[in-house]
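# Fold and contact review
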Amino acid sequence: MAKVLVAYYSRTGNTKKMAEMVAEAAGEVPGTAVTLRPIGEVKPADLLKFDALVMGSPVYYGTMAAEIKSLIDKSVKYHGQLDGKVGGAFASSGGPGGGNETTILDLLKAMLIHGMIVKGEPAGDHYGPIAVGAPDKRSAGECRKLGRSVATLAKRLFG
């Protein structure tokens, strides 16, 4: 069974809603077990227990929240041990030019440095789902697509 962790930081609740949609869709893929956790409940060693990691962050000054960056910084202790795991990311911002893509790319860069596998999306939000404010119908569909995509790939590799 492929194990997927969806970890997020959310101050207003918008990123949390996105995380819930990602996790729900990932859980609909047969042969996967999904864990949804706020980033404050994730320790660096926890990352070793999962086959896939999806991280969501609000945009702060064009990048991820400090709480998520802190976990990534501490995960250096396990550098090389996340190699081959599946990764994905999503972000929410307060405006259309708020830095959603730069935030997602920063999260994905950290995953790539860990040796993780990141699957792109040929249609829709290529790097990962974004929301401006509360997730709308389009954002919800992209979140579900990411959840299914990551879970399906993790199942193929680890299921």
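Refer to the structure above for everything that follows.
Described below are features of the structure shown in this document. Values in this document were obtained by computation on a predicted structure and should not be read as measured data. (Residues numbered from 1 in each chain as written. Predicted model: local features only at pLDDT ≥ 70, side-chain atom pairs only at ≥ 80, totals over all residues. Heavy atoms only, no water.)

### Quick notes on the overall build of the protein
To keep things clear, this is the line we draw: Secondary structure elements follow DSSP: runs of H or I of four or more residues count as helices, runs of E of two or more count as strands, with numbering from the N terminus. For this measure, only C-alpha atoms enter the radius of gyration; the expected value for a globule follows 2.2 Å times N^0.38, where N is the number of residues. Classification of residues uses two cut-offs on accessible area relative to the type maximum, computed with a 1.4 Å probe and protein chains only: under 20% is buried, over 50% is exposed, and between them is partly exposed. We call two residues in contact when some of their heavy atoms are within 4.5 Å. For every accessible area listed, the method is Shrake-Rupley and the probe measures 1.4 Å; residues are considered covered only by the protein chains on display.
A count of helical and extended segments in the protein gives 4 helices and 6 strands. Each helix and strand of the protein, ordered N terminal to C terminal, gives the series β-α-β-β-α-β-α-β-β-α. For the protein, the C-alpha radius of gyration of 14 Å lies close to 15 Å, the compact-globule estimate for 159 residues. Projected onto its principal axes, the C-alpha coordinates of the protein cover approximately 35 × 30 × 25 Å. When the 159 residues of the protein are sorted by exposure, 51% land in the buried category. Residue pairs at least 24 apart in sequence account for 79% of intrachain contacts in the protein once pairs closer than 6 positions are excluded. Taken as a whole, the protein presents about 7500 Å² of accessible surface, with 56% of it coming from carbon and sulfur.

### Brief notes about the layout of surface pockets
Basically, it comes down to this: Points on a 1 Å grid, built from protein atoms alone, make a cavity when a 1.4 Å probe fits but cannot get out and make a pocket when they are open with protein on both sides within 12 Å along at least 5 of 7 lines; residues with an atom within 4 Å of a point are the lining residues. Grid points are joined across faces, edges and corners, and a volume is the space filled by probe spheres set on the points. Polarity classes work like this: nonpolar for Ala, Val, Leu, Ile, Met, Phe, Trp, Tyr, Cys and Pro, charged for Asp, Glu, Lys and Arg, and polar for all others, with Gly in that last group.
Its volume calculated, the largest pocket comes out at about 180 Å³. Every residue lining the largest pocket is listed: Thr-63, Met-64, Lys-69, Ile-72, Asp-73, Ser-75, Val-76, His-79, Asp-106, Ala-110, Ile-113 and His-114. Elements that contribute at least two residues to the lining of the largest pocket include exactly helix H2 (66-74) and helix H3 (100-113). Along the lines of polarity and charge, the residues of the lining of the largest pocket split into 5 nonpolar, 4 polar and 3 charged.

### Considering the side chain of Thr-32
Inclusion rule: Distance and chemistry together define a polar contact, namely a pair of N or O atoms within 3.5 Å, with one atom able to donate a hydrogen and the other to accept it when in protein, and with adjacent residues in sequence counting only for side-chain atoms on both sides.
By the secondary structure assignment, Thr-32 is in strand S2 (residues 32-38). For Thr-32, a relative accessible area of 11% puts it in the buried group. Here the side chain of Thr-32 touches Ala-26 through a polar contact of 2.9 Å, landing on its backbone oxygen. Within the local environment of Thr-32, its side chain forms a polar contact with the backbone oxygen of Val-29, the two atoms lying 2.6 Å apart. Not counting the four nearest positions on each side in its chain, Thr-32 is found in contact with Met-1, Ala-2, Ala-26, Gly-27, Ala-151 and Lys-155.

### Points about the pairing of strand S3 (residues 52-58)
Regular strands show a simple pattern: their side chains alternate between the two faces of the sheet. Stated formally: Note on pairing: two strands pair once DSSP finds at least 2 bridges between them.
Burial within S3 is extensive, with 7 of its 7 residues counted as buried. Burial along S3 is two-sided: Ala-52, Val-54, Gly-56 and Pro-58 facing one way and Leu-53, Met-55 and Ser-57 facing the other are all buried. The sheet contact formed by strand S1 (residues 2-8) and S3 spans 5 bridges and is parallel. Across the sheet, the residue bridging to Val-4 is Ala-52, located in S3. Across 7 bridges, S3 lies against strand S4 (residues 86-93) in parallel orientation.

### Observations regarding the pattern of salt bridges
Using the following cut-off: By convention in these notes, a salt bridge is any Lys or Arg side-chain nitrogen within 4 Å of a carboxyl oxygen on Asp or Glu.
Evaluated as defined, the whole model comprises 7 salt bridges. A salt bridge links Arg-138 to Asp-125, with the shortest nitrogen-to-oxygen separation between them at 3.0 Å. Of the two residues, Arg-138 sits in helix H4 (residues 137-158) while Asp-125 sits in the loop between strand S5 (117-118) and strand S6 (130-132), which places them 13 residues apart along the sequence. Residues Glu-142 and Lys-145 are paired through a salt bridge, measuring 3.2 Å at the closest nitrogen-oxygen approach.

### So, the environment of Pro-129
Here Pro-129 is to be found in the loop between S5 and S6. Pro-129 sits 72 residues away from Ser-57 along the chain, and the two C-alpha atoms are 11 Å apart. Sequence-distant contacts of Pro-129, that is, excluding residues within four places in its chain, are made with Met-18, Ala-89, Phe-90, Ala-91, Ile-104, Glu-142, Cys-143 and Leu-146.

Spatial relationships are all this shows, so hold off on functional conclusions.
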